[in-house]
Amino acid sequence: MNITLTKNSRISNVDFSNLQFGQIFSDHMFVCDYFDGEWSNERILPYSDIKVSPSSRVFHYGQAIFEGMKAYKDDKDVIWLFRPDENFKRFNISSKRLAIPEIPEKIFFNGLNELLKIDRDWIKKGVGNSLYVRPFVFASEPSINATEANAYKFMIICTPAKSYYENQEIWVKIEEKFSRAAKGGVGYAKASGNYAAQFYPTQIAKNEGFQQIIWTDSNNHNRVEEAGTMNLFFKINDTLITSPTSDSILDGITRKSIIEIAKSLKINIEERDITVEELISAHKSGSLKEIFGTGTAVTVLPINGFGYRGNRFSIISNEEKTSDLLKIKLNNIQYARTKDFSHWQYKIT
Ligand SMILES: Cc1ncc(COP(=O)(O)O)c(C=O)c1O
């Protein structure tokens, strides 16, 4: 791999105690090109603007997908990724759905390893600190023919992160008008366009005082699917319920990890459809104890309440939160502070 190191590291200008998510990028980036039916020319360069043609198909037809993962440092300065094999698999599942050529495993992991080794100082120790890693691929071919492209760029960039939404009240709106994803669509893929389509309904929800939307199924707006960038769990009595994944729900890596951790703790967990009526009636009877979201960015995020048809339903419970317990267990695995689930810990060497 060709490596060009920066002569002007920006790290000393960064206030790591005061980070806005996704605003500052580490010193280097990984780049690889697809051309003539092959991924090649893997390189690491100083992070910088790139040259792309205005006719690149990504700008016109949105042929782009991405992943999100985090690198953590343990107390001995060892760098860990959490289940990157799952991100790799999902990267290619998303690519396939968008007719993007799949990335060979070796290229994906060499890129990740080399980049994280070079930018290791950007990963700070301590729970809550991480380096968010963003692999993405886009159609770079300069042609506005409305078909899949013949040229792509695969890149990895990194941004230092602190815990999201720390100490903030989180309210979510159950959406009935707009849809995030439809049956047979691209909801299960991390297609860039899925996120663009969420911005307008989310803007409306934010103006109404919510942080995120709970998406419901596009047919009847009755079954709860997921939130903007999180899968959802509901605790009714002593059972956790999460919707089964489908072609309209992202198969979250945090979600599937939380399911396994919960099972290992003998917490009742059900993967099944949950309707808005069930939620409202559980709230009414006092059996809705918790709602929380799971995702790479937020890890496990307790939700204070939800809005539905203009009414607000606050989640109040004096019990110890299951989400707190699960979050601690997950953090311990992510920061390699435990040998539990050690097969999920990927060491950067
Ligand atoms: C739409 C959507 N759902 C769920 C998730 C959670 O997935 P993961 O736990 O793999 O980060 C994300 C974020 O990645 C997302 O964008």
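Structure first, text after, so check above.
What counts and how
- Each chain carries its own residue numbering, running from 1 in the direction its sequence is written.
- Residue-level local features of this predicted model are given only where pLDDT is at least 70; pairs of side-chain atoms are given and counted only at 80 or more, and the full residue set underlies all totals for whole chains, interfaces and linings.
- With hydrogens and water stripped out, all remaining heavy atoms of the structure feed into the side-chain values.
- Strand pairing is assigned whenever DSSP detects at least two bridges linking the two strands.
- Under the scheme used here, helices are H or I runs from DSSP no shorter than 4 residues and strands are E runs no shorter than 2 residues, and both carry numbers assigned from the N terminus.
- With axes taken as lines fitted to C-alpha atoms, and helix axes fitted only over the stretch in contact, angles between N-to-C directions fall between 0 and 180 degrees.
- In this description, contact between two residues means that some pair of their heavy atoms is separated by no more than 4.5 Å.
- Three labels apply to residues, based on accessible area from a 1.4 Å probe with only protein chains included: buried if under 20% of the type maximum, exposed if over 50%, partly exposed otherwise in between.

Visitor: Would you explain the sheet that holds strand β14 (residues 268-271) in this entry?
Guide: Pairing between the strands of a sheet is mediated by backbone hydrogen bonds and can be parallel or antiparallel. Reading across the sheet, the five strands line up as β14-β13-β12-β15-β16 and stay open at both edges, with mixed pairing between neighbours. This sheet does not close on itself; its edge strands, each paired only once, are β14 and β16 (299-302). Geometrically, the sheet is characterised by an average inter-axis angle of 25° between neighbouring strands, direction not taken into account. In this structure, strand β12 (residues 231-236) lies alongside strand β13 (residues 239-242), joined through three bridges in antiparallel fashion. Within β13, the position partnered with Phe234 by the bridge is Ile241. Of the strands in this sheet, β12, β13, β15 (288-295) and β16 are in contact with helix α7 (residues 322-334), which crosses β16 at around 160°.

Visitor: Hey, could you run me through the pairing of strand β6 (residues 79-82) in this one?
Guide: Walk down a regular strand and you will see the side chains alternate between the two sheet faces. Side chains Ile79 and Leu81 project from β6 onto one buried face, and the interleaved Trp80 and Phe82 project onto a second face that is buried too. Sheet topology places strand β5 (residues 69-73) next to β6; three bridges connect them, and they run antiparallel. Across the sheet, Lys73 pairs through a bridge with Ile79, a residue of β6. Here β5 hands over to β6 after five residues, with Asp77 in that stretch at a positive phi of 70°. Sheet topology places β6 next to strand β19 (residues 345-347); three bridges connect them, and they run antiparallel.

Visitor: Is there a simple way to think about the pairing of strand β8 (residues 152-161) in this case?
Guide: Among the 10 residues of β8, 10 are classified as buried, and the element is accordingly described as predominantly covered. Of the two faces of β8, the one carrying Tyr152, Phe154, Ile156, Cys158 and Pro160 and the one carrying Lys153, Met155, Ile157, Thr159 and Ala161 are both buried. In this sheet, β8 lies alongside strand β2 (residues 28-35) in antiparallel orientation, the contact comprising five bridges. Considered in β8, the bridge of Phe30 is made with Ile156. By the bridge criterion, 10 bridges tie strand β7 (residues 130-139) to β8 in an arrangement that is antiparallel. Paired with Arg134 across the bridge in β8 is Ile157.

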